[in-house]
Amino acid sequence: MATETRKRQRSCIACGKQAGKAELYRVVRTPAGSVAFDGTGRAPGRGAYVCSEACFAAACKKKKLDRALKATLGSDEYDRI
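Just so it is clear, the structure is predicted and the values come from calculations on it, not from any experiment. (Residues numbered from 1 in each chain as written. Predicted model: local features only at pLDDT ≥ 70, side-chain atom pairs only at ≥ 80, totals over all residues. Heavy atoms only, no water.)

### Here we look at the sheet that holds strand β3 (residues 25–29)
On the basis of which strands lie adjacent, the open sheet formed by three strands has the order β4-β3-β5 and antiparallel pairing. Strands at the two margins of the open sheet, each flanked by one partner only, are β4 (35–38) and β5 (46–50). Within the sheet, the average angular offset between the axes of one strand and its neighbour, ignoring direction, is 30 degrees. As judged from the four bridges shared by β3 and β4, these two strands associate in the antiparallel manner. Following the sheet pairing, Arg-26 is matched in β4 by Asp-38. (Pairing = 2+ DSSP bridges. Helix = DSSP H or I, 4+ residues; strand = E, 2+ residues; numbered from the N terminus. Axes fitted to C-alpha atoms, helices over the stretch in contact; angles between N-to-C directions.)

Dropping the structure here:
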């Protein structure tokens, strides 16, 4: 009996596309409260995933990123990310 190795799928917060962690972009709210792009995918804190720049823009426009990170982001933070 072979055991299957299953990797958890993450979902894009804008379009709902499911993919592996390495295929999506992660935005993280650190324990200190700052919000940043997480290029490593391993930064501590609450994370949200998007699959493309278009989905990132849509998530920002509809405040989905705010809900996913449980934080209120200003326009300067969106620009920085």
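### Points about unusual backbone geometry
Even without being a glycine, Lys-63 presents a positive backbone phi close to 60 degrees. Residue placement: Lys-63 occurs in the loop between α1 (53–61) and α2 (64–69). Within the chain, Lys-70 stands out as a residue other than glycine whose phi angle is a positive 55 degrees. Relative to the helices and strands, Lys-70 resides in the loop between α2 and α3 (75–80). Using a relative accessible area of 59% as the deciding quantity, one classes Lys-70 as exposed. (Buried < 20%, exposed > 50% of the residue type's maximum accessible area, 1.4 Å probe, protein only.)

### Looking at the side chain of Arg-10
By the secondary structure assignment, Arg-10 is in strand β1 (residues 10–11). Buried within the structure, Arg-10 lacks any salt-bridge partner; Asp-38 is the closest side chain of opposite charge, at an N-O distance of 10.0 Å. A distance of 3.2 Å separates a polar atom in the side chain of Arg-10 from the backbone oxygen of Arg-8. Sequence-distant contacts of Arg-10, defined by excluding residues within four places in its chain, comprise Lys-17, Gln-18, Ala-19, Lys-21, Leu-24 and Tyr-49. (Lys, Arg positive; Asp, Glu negative; His and termini not counted. Salt bridge = Lys/Arg side-chain N within 4 Å of Asp/Glu carboxyl O. Polar contact = N/O pair within 3.5 Å; in protein donor to acceptor, adjacent residues only side chain to side chain. Contact = heavy atoms within 4.5 Å.)

Remember that the coordinates give geometry; whether it matters functionally is a separate question.
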